[in-house]
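Chain residues, written in single-letter form:
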Amino acid sequence: MSQIVIRPNGPLEGTIQVGGAKNAALKLMAASLLAEGEYHLRNVPAITDVDTMAELLTCMGVAVTRPAPHEVILRRGADCGYEAPYELVERMRASIVVLGPLLGRVGRARVAMPGGDDFGSRPIDMHLSGLEQMGATFEVRHGYIEATADQLLGARIVLEFPSVGATENLLLAAVLAKGTTFIENAAREPEIADLAAFLNRMGAMIVGAGTSTIEIEGVEDLEPADHTVIPDRIEAATYLAAVALAGGEITIEGARPDHMDMLIRKLGDMGMRIAPSSSGLWALANRRLMSVDVSTLPYPGIATDYKPLFVTMLSVADGIAIVTENLFAGRFRYVSELIRMGADIRTEGRHAVVRGVERLSGAPVRASDIRAGAALVVAGLAAEGETVVADAEHIDRGYEEFPERLRSLGAQVFRADDASDGG
Ligand code: UD1
């Protein structure tokens with residue numbers, strides 16, 4: 001069990017480099033199941049979810065190596081396994097994204113049913129129904145989805161909700177299907193456009209990725225490609241929240257402001273100054289934040305992954321805010337931890353009422369997932385006294401060297417072992 005210790009140390013200052021997007025890198029790696037040969041991915045973050053995806057692909061016979069810290073080479077041979085074991089799917093729900101490419105290329109898949117997690121229940125009915133419309137058949141046996149498809153066929157699929165995972169699974173299946181597939185009400189996240197760009201480089205014929213209608217003309221065969229992962233907008237948002245909470249002035253190199261429009265607008269409404277710079281984003285926080293209401297929505301709305309950061313910022317802002325979660329019921333588990341730090345927050349169903357207090361008070365708290373964990377660390381920057389975030393391994397799933405990077409901006413954030421060494 002790992003812990004991160006945070007001691008307030010005044011405003012942040014300096015330049016930080018944002019890494020590659022976790023939610024893009026994992027799906028790009030899964031795309032290697034689609035064609036034999038060698039793939040070279042760059043700007044891949046060194047995080048444990050990437051290690052888990054590497055482990056999963058290794059089980060299926062893909063050789064994964066890391067020639068440099070942010071590079072991954074995947075070699076997919078002629079023989080490919082088709083099973084995603086429970087132990088890995090349980091560790092990382094995104095493992096389910098192998099279903100589409102396995103069905104498209106191998107014609108069968110055996111994937112453990114993902115369970116619930118700290119976001120509450122997360123069904124995969126839209127993934128399965130879309131694939132079924134393309135001709136796949138499913139059986140659930142002993143906790144595993146057993147899927148088969150002799151030849152997937154193009155179909156017109158209308159999603160009930162713009163699910164990121166379902167859009168990606170269908171995209172990865174449709175590229176090798178016979179005929180044309182339309183995904184309507186598709187998710188529009190930049191990570192989906194990145195996946196489509198990679199698939200097109202592999203020889204796929206996809207238009208409209210990044211919009212609500214994606215058209216995929218199936219091709220006979222694909223070939224491996226090289227690709228550079230887009231920057232992680234959620235990681236960049238985390239550094240913006242850090243400076244919002246600690247005060248100061250930072251530059252986030254590599255951040256893509258065009259992927260973060262709504263977030264930047266909201267943070268501006270809260271009193272931060274943020275502007276594109278030649279290398280990314282510049283941000284200044286030199287006064288108390290003001291409360292604003294926040295409602296999560298699929299992209300380009302405010303991402304649900306930003307929400308723990310918003311709730312944390314609002315807990316020390318001037319005024320009262322209503323935060324509404326429209327994606328995942330029950331994604332408020334970290335709130336009780338913020339309350340232990342002195343925040344004044346009430347939750348009711350999908351809503352949280354956050355009454356800003358002057359200052360939080362450092363306390364021992366527990367991370368329940370990646371983003372909640374990161375939010376508690378940045379909360380510690382705005383707290384009086386020491387905060388210790390337990391179960392910090394959740395944070396390492398999605399953030400590379402989080403304490404080190406915050407320290408490079410002047411924050412006092414350490415792993416518990418380093419902190420006890422007098423760090
Ligand atoms: C992805 C992201 C996650 C982000 C989320 C929403 C990855 C690895 N994870 O998760 O960080 O918070 O998008 O932006 O990329 N749903 C169904 N049935 C389905 C599929 C989804 O009801 O078959 C529901 C979910 O329960 C949820 C909503 O749709 O309420 C959105 O989920 P989805 O967009 O699929 O999220 P993920 O792809 O799991």
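Look up a bit, the structure's there.
A brief look at the structure comes next.

What counts as what
- Residues numbered from 1 in each chain as written.
- Predicted model: local features only at pLDDT ≥ 70, side-chain atom pairs only at ≥ 80, totals over all residues.
- Heavy atoms only, no water.
- Axes fitted to C-alpha atoms, helices over the stretch in contact; angles between N-to-C directions.
- Helix = DSSP H or I, 4+ residues; strand = E, 2+ residues; numbered from the N terminus.
- Parallel < 35°, antiparallel > 145°, perpendicular 65-115°, else oblique.
- Contact = heavy atoms within 4.5 Å.
- Nonpolar A, V, L, I, M, F, W, Y, C, P; charged D, E, K, R; others polar.
- Buried < 20%, exposed > 50% of the residue type's maximum accessible area, 1.4 Å probe, protein only.
- Arc of directions from axis to C-beta.
- Near = heavy atom within 4 Å.
- Polar contact = N/O pair within 3.5 Å; in protein donor to acceptor, adjacent residues only side chain to side chain.
- Areas by Shrake-Rupley, 256 points an atom, 1.4 Å probe, with all protein chains shown as cover.
- Domains from an automatic or database assignment.

### Observations regarding the packing of helix 6 (residues 164-174) against helix 7 (residues 190-201)
Pairs of packed helices are described in terms of their axes, by the angle between the two and the distance that separates them. Packing of helix 6 against helix 7 leaves a shortest axis separation of 11 Å and a crossing angle of 10°. Regarding the angle of helix 6 to helix 7, the classification is roughly parallel. Residue-level inspection shows Val164, Thr167, Glu168, Leu171 and Leu172 of helix 6 in contact with helix 7, the latter providing Ile192, Leu195, Ala196 and Leu199. A per-class count over the contact of helix 6 with helix 7 returns seven nonpolar, one polar and one charged.

### What about helix 9 (residues 261-269)?
Along helix 9, the positions that sit buried rather than exposed are Leu263, Ile264, Lys266 and Leu267. The arc that holds the buried residues of helix 9, viewed along the axis, is 165°, so those residues lie on one side. Positioned one or two residues after helix 9, Gly271 has a phi angle of 105°, which is positive.

### Side note on the site of the ligand
Around the ligand, 18 residues are found, and the nearest of them are Asp125, Met126, Ser163, Asp305 and Leu327. Side-chain polar atom of Asn23 to an oxygen atom of the ligand: 3.2 Å apart, as the coordinates give it. Met126 has a polar backbone atom sitting 2.7 Å from an oxygen atom of the ligand. Summarising the interface, the protein chains cover 86% of the accessible area of the ligand, which totals 740 Å² for the free molecule. Residues lining the shell around the ligand come from more than one domain, with at least three contributed by each of domain 1 (3-19 + 231-419) and domain 2 (22-228).

In short, geometric facts, not functional conclusions.
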